[in-house]
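Structure at a glance
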Amino acid sequence: RNYYPKRPYLQPCAYKDKKEILTATRRLFAAGKLNRDQSLIMAAIRPKEELYDLRADPFELHNLAGRESHAATLGQLRETLDRWIKETGDRGESPEPDAMYDSDMAVYVDAIRRRGGAMMQHAKVIQANIALMKRWQAEGK
């Protein structure tokens, strides 16, 4: 399984990264003003697997995936996911080649560039995000 476990929860996204909720969260985290639970979303590396009891822990603060008492549930969920991947032909486990990634994203970035003006900076941010995603892929993240 390749679920990109070494990536952060908040991967770069030019659209959402400008939202006040994210800028405020990042600012408060950098200033050390978030508590332990609030800081979880800022983890540089997300857990390989996550399992939560949504009735007892609706805010998903206590990951049960590593607990032996939940191994059977986790095993069943893995089987369900594997079956679904096969049944639907999902290709999410196989990274796209750089050439395909570049061609698909080029259409998006070119459309933004054509708007000109302030959108040129937005295009640069997106290109930097693309470069980061490619680097993570090359590093096995």
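Residues numbered from 1 in each chain as written. Predicted model: local features only at pLDDT ≥ 70, side-chain atom pairs only at ≥ 80, totals over all residues. Heavy atoms only, no water.

Details of the pattern of salt bridges
- Taken as a whole and judged by the stated rule, the model has 7 salt bridges.
- One salt bridge connects Arg 36 with Asp 37, and the closest N-O pair in it is separated by 2.8 Å.
- On the basis of relative accessible area, Arg 36 is assigned to the exposed category, the value being 56%.
- Among the salt bridges present, the one from Arg 46 reaches Glu 50, with a minimum N-O distance of 3.2 Å. (Salt bridge = Lys/Arg side-chain N within 4 Å of Asp/Glu carboxyl O. Buried < 20%, exposed > 50% of the residue type's maximum accessible area, 1.4 Å probe, protein only.)

Digging into unusual backbone geometry
- Positive phi is not limited to glycine here, since Glu 60 has a value of about 55 degrees.
- Within the secondary structure layout, Glu 60 lies in the loop between helix 2 (36-39) and helix 3 (71-88). (Helix = DSSP H or I, 4+ residues; strand = E, 2+ residues; numbered from the N terminus.)

Observations regarding helix 3
- Taking 1.5 Å of rise per residue, the 18 residues of helix 3 would be expected to cover 26 Å, and the 26 Å separating its terminal C-alpha atoms lies within 8% of that figure.
- Every buried residue of helix 3 is accounted for by Leu 74, Gly 75 and Ile 85. Buried residues of helix 3 fall within an arc of 100 degrees about the axis and therefore sit on the same side. Helix 3 presents Ala 72, Gln 76, Glu 79 and Glu 87 as exposed residues on the side facing more than 90 degrees away from its buried surface.
- Following helix 3 by one or two positions, Gly 89 adopts a phi angle in the positive range, close to 70 degrees. (Expected span 1.5 Å × (residues − 1). Arc of directions from axis to C-beta.)

Details of the environment of Phe 29
- Checked against the element boundaries, Phe 29 lands in helix 1 (residues 20-30).
- Accessibility expressed as a relative area gives 37% for Phe 29, which makes it partly exposed.
- Spatially, the C-alpha atom of Phe 29 lies 36 Å from that of Thr 80, the residues being 51 residues apart in sequence.
- In this view, Phe 29 contacts Leu 34, Ser 39 and Met 42; residues no more than four positions away in its chain are not counted. (Contact = heavy atoms within 4.5 Å.)

Some words on the nonpolar core
- Counting 6 residues, the largest nonpolar core is built from Ala 14, Val 109, Ile 112, Ala 123, Ile 126 and Ile 130.
- Among the elements of the structure, helix 4 (98-115) and helix 5 (119-138) are those that each provide at least two residues to this core.
- Discounting residues that sit within four places of it in the chain, Ile 130 has contacts with Tyr 101, Met 105 and Val 109. (Core = buried A, V, L, I, M, F, W, Y, C linked by side-chain atoms within 4.5 Å.)

A short note on helix 4
- For helix 4, spanning 18 residues, the distance from its first C-alpha to its last is 26 Å, which sits close to the expected 26 Å at 1.5 Å a residue.
- Along its length, helix 4 reaches its greatest deviation from straightness, about 30 degrees, at Ala 106.
- At the exit of helix 4 stands Gly 116, carrying a positive phi of roughly 70 degrees. (Bend = angle between axes of the 7 residues up to and from the residue.)

Let's talk about the packing of helix 4 against helix 5
- Here helix 4 crosses helix 5 at 165 degrees, and the two axes come no closer than 8 Å. When the interaxial angle is binned, helix 4 and helix 5 end up roughly antiparallel. Here the hand of the crossing between helix 4 and helix 5 comes out right-handed. Counted together, Asp 98, Tyr 101, Asp 102, Met 105, Tyr 108, Val 109, Ile 112, Arg 113 and Arg 115 of helix 4 and Met 119, Met 120, His 122, Ala 123, Ile 126, Gln 127, Ile 130, Met 133 and Lys 134 of helix 5 form the full contact between these two elements. (Axes fitted to C-alpha atoms, helices over the stretch in contact; angles between N-to-C directions. Parallel < 35°, antiparallel > 145°, perpendicular 65-115°, else oblique. Left-handed = near helix turned anticlockwise from the far one by under 90°.)

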